[in-house]
Amino acid sequence: MTSTSPPNRRRWLGRLLALGAGTAAASGVSQSATQPAPLPGDEAPHKIVYQLNRHEPEYQEAIFNSISAMLKKYVDDVAIAVVVWGPGIHLLAKKPQRPVPELHQQRARSMAEAYGVRFIACGNTMHTVGWTQADMLDFAQVEEVGAAAVMELQEKGYAYLAW
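Residues numbered from 1 in each chain as written. Predicted model: local features only at pLDDT ≥ 70, side-chain atom pairs only at ≥ 80, totals over all residues. Heavy atoms only, no water.

Asker: Explanation requested: unusual backbone geometry in the structure shown.
Answerer: Here V75, not a glycine, exhibits a phi torsion of approximately 50°, which is positive. Position of V75 among the secondary structure elements: in the loop between α2 (57–74) and β2 (78–84). (Helix = DSSP H or I, 4+ residues; strand = E, 2+ residues; numbered from the N terminus.)

Asker: Please clarify how the pairing of strand β3 (residues 118–122) should be interpreted in this entry.
Answerer: Each regular strand shows side chains that alternate between the opposite faces of the sheet. Burial analysis of β3 places five of its five residues in the buried class, the great majority of the element. Side-chain alternation along β3 places R118, I120 and C122 on one buried face and F119 and A121 on a second face that is also buried. As defined by bridge partners, β2 adjoins β3 across four bridges and the pair is classed as parallel. Paired with A81 across the two strands is R118, which belongs to β3. What joins β2 to β3 is helix α3 (residues 102–115), and the crossover it makes is right-handed. (Buried < 20%, exposed > 50% of the residue type's maximum accessible area, 1.4 Å probe, protein only. Pairing = 2+ DSSP bridges. Right-handed = clockwise from strand over helix to strand, strands pointing away.)

Asker: In this structure, what is going on with the environment of L161? I would like to understand it.
Answerer: The residue L161 is located in strand β5 (residues 159–162) in this model. For the pair L161 and V150, spaced eleven residues apart in sequence, the C-alpha separation works out to 9.9 Å.

Asker: Would you take a moment to explain the packing of aromatic side chains for this structure?
Answerer: Scanning the entire structure with this criterion turns up two aromatic pairs. With 5.8 Å between their ring centres and 80° between their planes, F119 and F139 make a pair best called edge-to-face. You can see F119 sitting in strand β3 and its partner F139 sitting in the loop between α4 (123–129) and β4 (141–143), a full 20 residues away along the chain. Of the two residues, F119 and F139, both sit in the buried class. (Phe/Tyr/Trp six-rings, centres within 6.5 Å; stacked < 30°, edge-to-face > 60°.)

Asker: Looking at this structure, I do not really get α2. What am I missing?
Answerer: Each α-helix turn comprises 3.6 residues. Residues three or four places apart therefore point the same way. If you check α2, its first and last C-alpha atoms are 26 Å apart, about what 18 residues at 1.5 Å a residue would give, namely 26 Å. Within α2 the residues assigned to the buried category are Y59, Q60, I63, F64, S66, I67, M70 and L71. Taken down its axis, α2 places every buried residue within 155° of arc, on the same side. Away from the buried face of α2 by more than 90 degrees, exposed residues E58, K72 and K73 are located. Taken together, the buried residues of α2 touch β1 (46–52), β2, α3, β3 and β5. One or two residues past the end of α2 sits V75, with phi positive at roughly 50°. (Expected span 1.5 Å × (residues − 1). Arc of directions from axis to C-beta. Contact = heavy atoms within 4.5 Å.)

Given below as C-alpha cells:
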C-alpha cells in the first residue's frame, strides 16, 4: 500500500494550531491550558476503511452520507479509505459500464481532494472488466487485491466498516 501526504487543509490547520499555541505561550497562557497542536504529517487518531462493493445508488449514497458524518464529527482527525471492488468499481471508472450518478463521482472526487479520503480500486476487479489505471478517475488509487488492501489497512489500525 502506498502512503499519501496529508491534504493541504490538514497541513494548514496544523500550522494554524501551532501558531495559536505559540501565541498562547507568548501571552502568558500556560501550556497545560492549551491542547498540544498536531504537527503537519501527524497520523490521524481515528481511522476507518469502508467497503464499497455494490453499484446501487442508494447503497453508495448511504456510504457517502456516513463518510460526510465522519468528516463533520472528526474534521481533520480522521483518516478515511474506501476500498472499491465488484460492481462498485464502476464508481471510479472514467467510462463506467453500469449507470453511475454523476453526483456520486463528484462527491468522491470532492472527498478525495478536499479531505484526503482515499478511494482504492481493486486491481482484480478491474482486470475482470478489462480496465487499467488509465480507465480510472485520476484520484483513484489501484491496489492489486482489494481485500488485501482492507486487511493491510486494518493491520495499520483502521476500523473496518462493511455495508
